[in-house]
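Descriptive structure summary
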Amino acid sequence: MRVINIVIILFILSTFIGCQTVSIDSINPYQPVVHKIKRLKRVSNIQVYKDGDLVIDEHFSRDKSRQLNSIHSITKSISAILIGITKDQNLIDSVHTPLNQIFPEYESKYPMLKEITVHHLLTMKSGWKWDELKSIDSFFRVSNATIYALNRELLATPGSTWNYDSAASHLISVVIERISNQPTLVFSIKNLFEPIGIKNIVWRTDAQGTSYGSIGIEMTIDDLLKIGRLILQKGKWDGKQIITKDWIDNMMTPAHTFSEGKSKVLLDNGYGYLWWLGRINDKTVQYAQGYGGQFLFIVPDDQIIIAVQSEWDSPEISTEHALKLKKIIVSDLIPKLISNNTV
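The notes below deal with the structure included here.

What counts and what doesn't
Residues numbered from 1 in each chain as written. Predicted model: local features only at pLDDT ≥ 70, side-chain atom pairs only at ≥ 80, totals over all residues. Heavy atoms only, no water. Helix = DSSP H or I, 4+ residues; strand = E, 2+ residues; numbered from the N terminus. Buried < 20%, exposed > 50% of the residue type's maximum accessible area, 1.4 Å probe, protein only. Contact = heavy atoms within 4.5 Å. Areas by Shrake-Rupley, 256 points an atom, 1.4 Å probe, with all protein chains shown as cover. Pairing = 2+ DSSP bridges. Phe/Tyr/Trp six-rings, centres within 6.5 Å; stacked < 30°, edge-to-face > 60°. Expected span 1.5 Å × (residues − 1). Axes fitted to C-alpha atoms, helices over the stretch in contact; angles between N-to-C directions. Parallel < 35°, antiparallel > 145°, perpendicular 65-115°, else oblique. Arc of directions from axis to C-beta.

1. Section: the overall build of the protein
Helices and strands together make up the secondary structure of the protein, namely twelve helices and twelve strands. Counting across all 343 residues of the protein, residues that qualify as buried make up 54%. Pairs at least 24 residues apart make up 64% of the contacts formed inside the protein by residues separated by at least 6 positions. Total accessible area on the protein stands at roughly 16300 Å², and carbon and sulfur atoms take up 51% of it.

Following this line, the structure appears as structure tokens:
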């Protein structure tokens, strides 16, 4: 009898609404793109925030939404935020401070430190010899990462040449420790993570116990999205200014402009302070990316944030996956989000 009653009620409702068929895609217009991303097999989590609402919240791998996942080189972009906080607190006078003032004990041994500034570290323009693909694995196995990073041949005048350099980015964390007189992790929890509600992270360290400035942070997808929200909100969180708007603006201003797009799927027009900068049509896109398909995209004009975490293992598989995923995000998802004012 209960089943019959339900059938009758459904019949009456269908008659009342004129037997209209409602497509799932009309309810959530982003679902076809989500399915496309899911078919890549390696995406663990994706969250999309638009106009103050979470419009996509998908977890494809055993509910990893609550698990800590490595964000790899997105760590660099967070290190840039932290340097901004040290400047806000007057722990460093200027990003143009030369490294010999921060590493005075090495000034005589490494005279090039007079020429290289914190700004050069933030913009990948230190001039040190470095081949990312050939050197990255060995760097994270050395007995002293700081000495290794400082003790390199200077191939170009600092500030003249852009070269992606994870060893130089690691020095950002060493700088933070030295000017704040506390471990980078402790400084970051007190001044960044806790104020925006990030309560659980892991940050890999070198042999001396210093958090790597270039890789090593593990966080949940929820917390990765919070980093994006902080940027979108120009450094403000719950009415409190965590980092100044001026720093966010400077961080997202091209310090280097590429003559041609570095990526086949996104017109990269520049690199700021450890953040990538691009355009899709006429829209500015700010983004951080990490090995194997870790992404944090921000489209300020349209109040969009996209956070993605992926499984990663072998370089060949992970690199191919990251390229495919990035292409879907910039060619399908972002244009779809821009074209839909509401869900």
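2. Some words on the pairing of strand β10 (residues 283–290)
Burial within β10 is extensive, with six of its eight residues counted as buried. Inspection of the sheet shows strand β9 (residues 276–280) paired to β10 by five bridges, in the antiparallel sense. The partner of glycine 278 across the bridge, within β10, is valine 285. Counted between consecutive antiparallel strands, the loop separating β9 from β10 contains two residues, among which asparagine 281 sits at a positive phi close to 60°. Taken together, the five bridges between β10 and strand β11 (residues 294–299) define a ladder with antiparallel strand orientation. In the strand pairing of β11, glutamine 286 is matched with isoleucine 298.

3. Here we look at the environment of serine 73
With respect to the element layout, serine 73 can be found in the loop between β3 (69–70) and α4 (74–88). A relative accessible area of 13% places serine 73 in the buried class. A C-alpha to C-alpha distance of 4.9 Å links serine 73 and isoleucine 215, two positions 142 residues apart in sequence. Among all residues touching serine 73, those that are not within four sequence positions of it are Tyr164, Ser214, Ile215, Gln289, Gly290 and Tyr291.

4. As for the packing of aromatic side chains
On inspection of all chains with the given rule, the structure shows 18 aromatic pairs. Ring centres of phenylalanine 139 and tyrosine 148 lie 5.5 Å apart, and the angle between their planes is 55°; on these two criteria the pair is classed as tilted. For phenylalanine 139, a relative accessible area of 0% translates into the label buried. Residue tyrosine 148 is classed as partly exposed on the basis of its relative accessible area of 30%. Here the aromatic residues Trp162, Tyr164, Phe258, Tyr271, Trp276, Tyr287, Phe295 and Phe297 are joined through ring pairs into a cluster of three or more.

5. Topic: helix α10 (residues 221–232)
With twelve residues, α10 should reach 16 Å at 1.5 Å per residue; the first-to-last C-alpha distance of 17 Å fits that figure. Of the residues making up α10, those classed as buried are Ile221, Asp223, Leu224, Leu225, Lys226, Ile227, Gly228, Leu230, Ile231 and Leu232.

6. Side note on the packing of α4 against helix α9 (residues 184–193)
At a minimum axis separation of 11 Å, α4 and α9 run at an interaxial angle of 80°. Between α4 and α9, the crossing angle belongs to the class labelled roughly perpendicular. Across the interface between the two elements, Ile78, Ile81, Leu82, Ile85 and Thr86 from α4 touch Thr184, Phe187, Ser188, Asn191, Leu192 and Phe193 from α9.

7. Thoughts on α9
At 3.6 residues per turn, the α-helix brings residues three or four places apart onto the same side. Of the positions making up α9, those classed as buried are Thr184, Phe187, Ser188, Asn191, Leu192 and Phe193. Within α9, the buried residues cover an arc of 150° as seen down the axis, which keeps them to one side. Where α9 is buried, its residues meet α4, α8 (166–180), β4 (202–203), β5 (217–219) and α10.

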